[in-house]
Amino acid sequence: MYATPPNSSVNSKTKIVGSNDPTLRLYQVWKGSNKFIFGGRFIFGPDVKSLFFTLFLILAPLILFWMFVANDLVKAISHGPGLFLIVISVILTTNIIVLLFLTSGKDPGIVPRNSCPPEPDDEGDTSSLSTDWTGSQSGGPSTIPLTKNVKVNGIIVKVKYCQTCMLYRPPRCSHCSICDNCVERFDHHCPWVGQCIGKRNYKYFFMFVSSTTVLCLYIFTCCWINIKWIMENGNCDLMEAFEVSPVSGILILYTFVVSWFVGGLTSFHVYLIATNQTTYENFRYRYDQKMSPYNLGCARNFKEILFSSVPNSRINLREKVKGELSASGIGSVSPYLGRNMSLEMPERSFDIETGKRQPVEGNEFEDIRNRVGSFERCRTQPRQHINDWDNKHIMLSSEFETELDERRSDL
């Protein structure tokens, strides 16, 4: 049912399997931990199975309500209003299920990975970078600064470099260790919906939680109405009424407990929206209201988060990709994949570290020449200098060419 990135196995000595299959789509070679259905049209987290448990917690008590309590409500109230109460419960339930799948099956705001690290020349003023880069300019090892400064509403904010996605995260972006993606306006990873909550699905998440709270209170009230009707018509006390309709008693207890949980969660997120914070920021940074660069005032915060349009996704999971599928992953397929341009050479060809040549079988000559000749450097951004990694590959290419010429002359 779920499509996950295929794992390739390598039995050849060269460790490279060429593939230019144009039918491969982005979701089929996705590097994150997500799962997909319907040809990549829906994206879920790796813990998507928890979604079914959440559905069970929602639908099981409602089925009991419709089977054992709703019939009594129709009798307790005249047929028209009684049926209206049942219709309301059905509408609320449908709304919650739709919101649940919009939250769980939607791209939460994943930032596409880079296929190679960014160029220091493109990072702007070096005074805003960490001292790691200054050291690399003076002859030290070439490293990418871990942080840089950006301005948000006139306030300087540090953004971090993500080693996995090879990019500087936008403000409020964080890398989810469960889904293995950088997510814009990352709030948290919700185990109940099996998905990250971010910029593109936070609105649906809040509506899901608040609607669940309303539904719990609605079922709670309807069950009490049923118990009251039993007490009045049966001339019995509360315990006897619960004996007549034990399902009402069970649902009253269940919805009371769940209402505290989802109601508290709804109240907490109302506070976060009013102050324009995320759960991650609230627990990690403890923003003071006057110091937060994102707080626009209560009214504008609600408008920005709940009443603004959902931004377009930055990834196209059904995009067709081409490239070389290797044992270690994907090489030069798409900048979305975040793969380094890598070329794994034959097991017995050349030792980069020691510079010692190793014997190469004759039938591997042409294969090596094709691989080396087709090697292209990462072209996501123009390079203005050659680093140690490029030097190794240039040296490797020249060594193979020399050895090939020597063998051909011997023959």
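All of these numbers come straight from a predicted model, not from anything done at the bench.

K.L.:
Would you mind showing me how to read the nonpolar core here?
P.N.:
A general feature of soluble globular proteins is that nonpolar side chains tend to end up buried together. Of all hydrophobic cores here, the largest spans 41 residues; its most connected members are F65, V69, L100, F208, I219, C223 and L251. Contributions of two or more residues to this core are made by α1 (50-76), α2 (79-104), α4 (202-234), α5 (238-244), α6 (246-275) and α8 (298-306). In terms of residue count, the dominant contributor to this core is α4 (13 residues). L26, F36, I110 and L317 belong to the second-largest nonpolar core, a separate cluster that totals 11 residues.

K.L.:
Looking at this model, I keep getting lost on the packing of α1 against α4. Mind explaining?
P.N.:
What describes two packed helices is the angle between their axes and the distance between those same axes. One way to put it is that α1 packs onto α4 with a least axis distance of 10 Å and a crossing angle of 35°. Between α1 and α4 lies a crossing whose hand is left-handed. Facing α1, whose interface residues are T54, I58, L62, F65, V69, D72, L73, K75 and A76, α4 presents F208, L215, I219, C222, C223, I225, N226 and W229. Of the residues that constitute the contact of α1 with α4, the class distribution is 13 nonpolar, two polar and two charged.

K.L.:
What exactly am I supposed to notice about unusual backbone geometry here?
P.N.:
Peptide bonds are, in most cases, trans, and in most cases residues other than glycine have a negative phi. The backbone phi angle of D180 is positive, close to 60°, even though this residue is not glycine. Structurally, D180 can be placed in the loop between β7 (174-176) and β8 (181-183). D180 gets classed as partly exposed once you look at its relative accessible area, which sits at 21%. With phi around 45°, R185 is a residue other than glycine that occupies positive phi space. Examined against the element boundaries, R185 turns out to sit in the loop between β8 and β9 (188-190).

K.L.:
Is there a simple way to think about the pattern of salt bridges in this case?
P.N.:
Side-chain pairing between opposite charges can occur once the charged atoms of the two side chains come close. In the structure shown here, the tally under the stated rule is five salt bridges. Close ionic contact of D180 with R113 constitutes a salt bridge, the shortest N to O distance being 3.5 Å. You can see D180 sitting in the loop between β7 and β8 and its partner R113 sitting in the loop between α2 and α3 (131-137), a full 67 residues away along the chain. Across the pair R314 and E184 runs a salt bridge whose closest N-O atoms are separated by 3.6 Å. A residue pair is termed long-range when its members are at least 10 positions apart, and R314 in the loop between α8 and β11 (324-326) and E184 in the loop between β8 and β9 qualify at 130 residues.

K.L.:
Is there a simple way to think about the side chain of S89 in this case?
P.N.:
Relative to the assigned elements, S89 resides in helix α2. Polar side-chain contacts of S89 include one of 2.5 Å to the backbone oxygen of I86. In contact with S89, other than residues within four places in its own chain, are F65, W66, L215 and Y218.

K.L.:
So what exactly am I meant to see when it comes to the pairing of strand β5 (residues 155-162) here?
P.N.:
Bridge count for strand β4 (residues 147-152) against β5 is six bridges, and the pairing is antiparallel. Looking at β5, one finds that K151 is bridged to I156. Where β4 folds back onto β5 in an antiparallel hairpin, the turn is made up of two residues, including N153, whose phi is positive at roughly 55°. Across two bridges, the pairing between β5 and strand β6 (residues 167-168) is antiparallel. Within β6, the residue paired with Y161 across the bridge is Y168.

K.L.:
Explain the UniProt feature "transmembrane region" (unreviewed entry) in the protein chain here, please?
P.N.:
Here the UniProt feature "transmembrane region" (unreviewed entry) sits at residues 51-70, 82-103, 204-227 and 247-274. Overall, residues 51-70 shows 100% helix and 0% strand. The separation of its end C-alpha atoms is 27 Å. Secondary structure content for residues 247-274 is 100% helix and 0% strand, and the end C-alpha separation is 39 Å.

K.L.:
Help me understand the sheet that holds β6 in this model?
P.N.:
The strands making up a sheet associate through hydrogen bonds between their backbones, and the pairing can be parallel or antiparallel. What the three strands build is an open sheet, ordered β4-β5-β6; its pairing is antiparallel. Edge strands, defined here as strands with exactly one partner in the open sheet, are β4 and β6.

K.L.:
Whenever I open this one, the confidence of the model for the protein chain confuses me. Can you help?
P.N.:
Detailed reading of the predicted coordinates is not advisable wherever pLDDT is low. Looking at the protein chain, pLDDT values average 76 and 66% of them are 70 or higher. Throughout residues 4-19 the model reports pLDDT below 50, and contacts reaching past four residues in sequence, or to other chains, amount to 33 contacts.

K.L.:
Got a minute to help me understand α4 in this structure?
P.N.:
Three- or four-residue spacings in an α-helix give side chains the same orientation, since the helix completes a turn every 3.6 residues. With 33 residues, α4 ought to run about 48 Å at 1.5 Å a step, and its terminal C-alpha atoms sit 48 Å apart, in line with that. Count one or two residues on from α4 and you reach N235, which has phi positive near 50°.

K.L.:
How should I be thinking about a nonpolar patch on the surface in this particular structure?
P.N.:
A contiguous nonpolar patch, built from F53, F56, W192 and F261 and spanning about 450 Å² of accessible area, is present on the exposed surface. Mapping F56 onto the fold places it in helix α1. Residue classification places F56 among the exposed residues on the basis of a relative accessible area of 52%.

K.L.:
It is not clear to me how α8 should be interpreted in this structure. Could you clarify?
P.N.:
Taken residue by residue, α8 has N301, I305 and L306 as its buried positions. The buried residues of α8 occupy an angular sector of 95° when the element is viewed end-on, so they sit on one face. Counted as exposed and oriented over 90 degrees from the buried face of α8: A299, R300 and K303. The elements touched by buried residues of α8 are α4 and α6.

What counts, and where the lines are drawn
- Residues numbered from 1 in each chain as written.
- Predicted model: local features only at pLDDT ≥ 70, side-chain atom pairs only at ≥ 80, totals over all residues.
- Heavy atoms only, no water.
- Core = buried A, V, L, I, M, F, W, Y, C linked by side-chain atoms within 4.5 Å.
- Buried < 20%, exposed > 50% of the residue type's maximum accessible area, 1.4 Å probe, protein only.
- Helix = DSSP H or I, 4+ residues; strand = E, 2+ residues; numbered from the N terminus.
- Axes fitted to C-alpha atoms, helices over the stretch in contact; angles between N-to-C directions.
- Left-handed = near helix turned anticlockwise from the far one by under 90°.
- Contact = heavy atoms within 4.5 Å.
- Nonpolar A, V, L, I, M, F, W, Y, C, P; charged D, E, K, R; others polar.
- Salt bridge = Lys/Arg side-chain N within 4 Å of Asp/Glu carboxyl O.
- Polar contact = N/O pair within 3.5 Å; in protein donor to acceptor, adjacent residues only side chain to side chain.
- Pairing = 2+ DSSP bridges.
- UniProt positions renumbered as here; feature names shortened; annotations may be inferred.
- pLDDT = per-residue confidence, 0-100.
- Expected span 1.5 Å × (residues − 1).
- Patch = residues over 30% accessible without salt bridge, like charges linked within 9 Å, V, L, I, M, F, W, Y side chains within 5 Å.
- Areas by Shrake-Rupley, 256 points an atom, 1.4 Å probe, with all protein chains shown as cover.
- Arc of directions from axis to C-beta.

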